[in-house]
Amino acid sequence: MALIPFWNWLGAQMGVGLPYGVAWFLSQAVFIVILCLVLMLAVAVVILADRKIWAAVQMRRGPNVVGPFGLLQTIADALKFFFKEVIIPAGANKVLFLLAPIVAVTLAFIAWAVIPFGKGWVLSDINVGILYLFAVSSLSVYGVIMAGWASNSKYAFLSALRGAAQMVSYEVSIGFVMITVLLFAGSLNLSTIVMTQAATGPFTGPLAFLHWNVFTLLFPMLIIFFVSALAETQRPPFDLLEAESELVAGFFVEYSSAPFLLFFLGEYMTVIMLCGLMSILFLGGWLPPFDIWPFNAVPGVIWFVLKIGFLFFMMAMVKAIVPRYRYDQLMRLGWKVFLPTSLLWVVLTAAWVLVFHRHA
Amino acid sequence: MLQALAFYFFSAILVASALMVIAARNPVHSVLFLILSFFNAAGLFVLLGAEFLGMILVVVYVGAVAVLFLFVVMMLDIDFAELKRGSLQYLPFGALIGLVLVAELAMAGSVWVLKPAALAAKAHATPTVTNTEALGLILYTDYVYYFQIAGLVLLVAMIGAIVLTLRSRPGVRRQNISAQNARTAAMAVDMHDIKPGDGA
């Protein structure tokens, strides 16, 4: 990684030659710490943005007391959660009760290991990056199930059952959407998937964005992925797990203080991760939309963050505008609409690639 | 060195959690230990350089199969003490099955040899393609019929499961979305001219 020369230099200054393994380990560790800090800061910003957008749609002002324009509201909320008492219900299974939020937040963090923020700006550039993300996101259901079962509360348990069915169902269509994209790119590596969307064909310069997957055959898949991502992260209109009118707060009804904060953190972290994944798969990741000066002089990571911001704005608008689905409607949408459509699109994309691409 | 350390780490947790699957008192804990052992098996696959198999193991077994296990086990209302009481009488039978399995494995292992071609390929492995590509190349060319037959078997199993569990109950009100969407004001509203004093 990029920092290895720095550690070698530091080792030389201290009079010891650092072996490659140690230098690699140190640079990875520093990257991981920086990434985690940045992500937590990003989550704080995103939660505030979510509330502000929601408020603006309803013609309210949203958080506006703590800090200028309420910018420090999330920090204040986090501090409040930390200083409260952790309450564990008497009938709860203590180990699993505390393990569930840890599992949720850990899975939300480790998914970022393979997300490329720019050319070469990735913690672990593995060959099966997209499969890794699919594996990690298919595990996120465990936080919900464990929390719901360990709480020993009927509301939490009902929510866990709903969550298990909902997340397993939408996992299927997410998987098929990923397959269409990787058929198009011919690779499971996320950096390669982004690079295949770079301007290499008929459109160059100001029209470079026409090479993004969203402007190809795959456009309907972006819509399916977007809606499935909403269902996968239990955001409205698919937040049946925490339907206030029926289940109080769903699987985390018994949680308080720091464990609750961990669930909250994990949920928003997954939302940002899925926005990032969407921008990698469909919107060209870190690539600038127009391949002309000054747009291609801007660092790729800024374009990546802007794209994540745009997708999150869309998610926040959906949350503010669309009413909650009924459970049978949710299941119908997943199994009877998204699954056949994405399956058909896998076949279509495979045929398209066979006829027009001919790579390798 | 680091690889050996990682191997012993994964295998130790794998064996311990596999033991806990049958030793745990609570069936939910058993399933969770099963998930832990799946994870460590995936870690061993990655250590072998078979990252595709490792990821697929996590996606299929941990992400789907074990979720449904957990789903079912959580919904069972089990009296744990009752469950434990009679289990010792099955011990001789279980031990016998285990012994037979171990003996069969040993017999199969003692005569199992790699083909010379496979050994030669193993000796100077040149990773020109990733193992995902290599698996795909073999699976969809040399073994394409077996692959298709496996898919067909799964399809038949799926249809069988649906046929066994699907029952049509009369008198259930279902939502018919196309009928709802096709409904117009002309179909829904009837105009009656009612004279004053007559009632409807």
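Note that the structure is predicted; figures quoted are calculated from it, not measured.

What is the right way to look at the overall build of chain A in this model?
For chain A, the helix and strand inventory stands at 13 helices and zero strands. Helices and strands in chain A line up, N terminus first, as α-α-α-α-α-α-α-α-α-α-α-α-α. The globule rule puts the C-alpha radius of gyration for 360 residues at 21 Å, and the 22 Å found for chain A is close to it. Projecting the C-alpha coordinates of chain A onto the three principal axes gives extents of approximately 65 × 60 × 40 Å. Looking at chain A as a whole, 52% of its 360 residues are labelled buried. A separation of at least 24 residues holds for 75% of the contacts in chain A among residues at least 6 apart in sequence. Taken as a whole, chain A presents about 16,300 Å² of accessible surface, with 75% of it coming from carbon and sulfur. Within chain A, one finds 18 positive and 14 negative side-chain charges whose respective centroids are separated by 4 Å.

What is the right way to read the interface of chain B and chain A from this model?
Often, the extent of an interface is quoted as the loss of accessible area on bringing the components together. Between chain B and chain A, the residue contacts involve 24 residues of the former and 25 residues of the latter. Across the chain B to chain A interface the summed buried area is about 2,100 Å²; carbon plus sulfur atoms make up 79%. For the interface between chain B and chain A, the tally reads zero salt bridges. For the interface between chain B and chain A, the tally reads three residue pairs in polar contact (both at pLDDT 80 or more). Taken together, the elements giving at least two residues each to the side of chain B that touches chain A come down to α2 (27-48) and α3 (51-75) of chain B. The biggest single contributor to the side of chain B that touches chain A is α3(B), with 14 residues. Classifying every residue of the side of chain B that touches chain A gives 17 nonpolar, six polar and one charged.

Each value, and the rule that gives it
- Residues numbered from 1 in each chain as written.
- Chains lettered and ligands numbered in written order.
- Predicted model: local features only at pLDDT ≥ 70, side-chain atom pairs only at ≥ 80, totals over all residues.
- Heavy atoms only, no water.
- Helix = DSSP H or I, 4+ residues; strand = E, 2+ residues; numbered from the N terminus.
- Rg over C-alpha atoms; globule rule 2.2 N^0.38 Å.
- Buried < 20%, exposed > 50% of the residue type's maximum accessible area, 1.4 Å probe, protein only.
- Contact = heavy atoms within 4.5 Å.
- Areas by Shrake-Rupley, 256 points an atom, 1.4 Å probe, with all protein chains shown as cover.
- Lys, Arg positive; Asp, Glu negative; His and termini not counted.
- Charge placed at Lys NZ, Arg CZ, Asp CG, Glu CD.
- Buried area = accessible area lost by both parts, 1.4 Å probe.
- Salt bridge = Lys/Arg side-chain N within 4 Å of Asp/Glu carboxyl O.
- Polar contact = N/O pair within 3.5 Å; in protein donor to acceptor, adjacent residues only side chain to side chain.
- Nonpolar A, V, L, I, M, F, W, Y, C, P; charged D, E, K, R; others polar.

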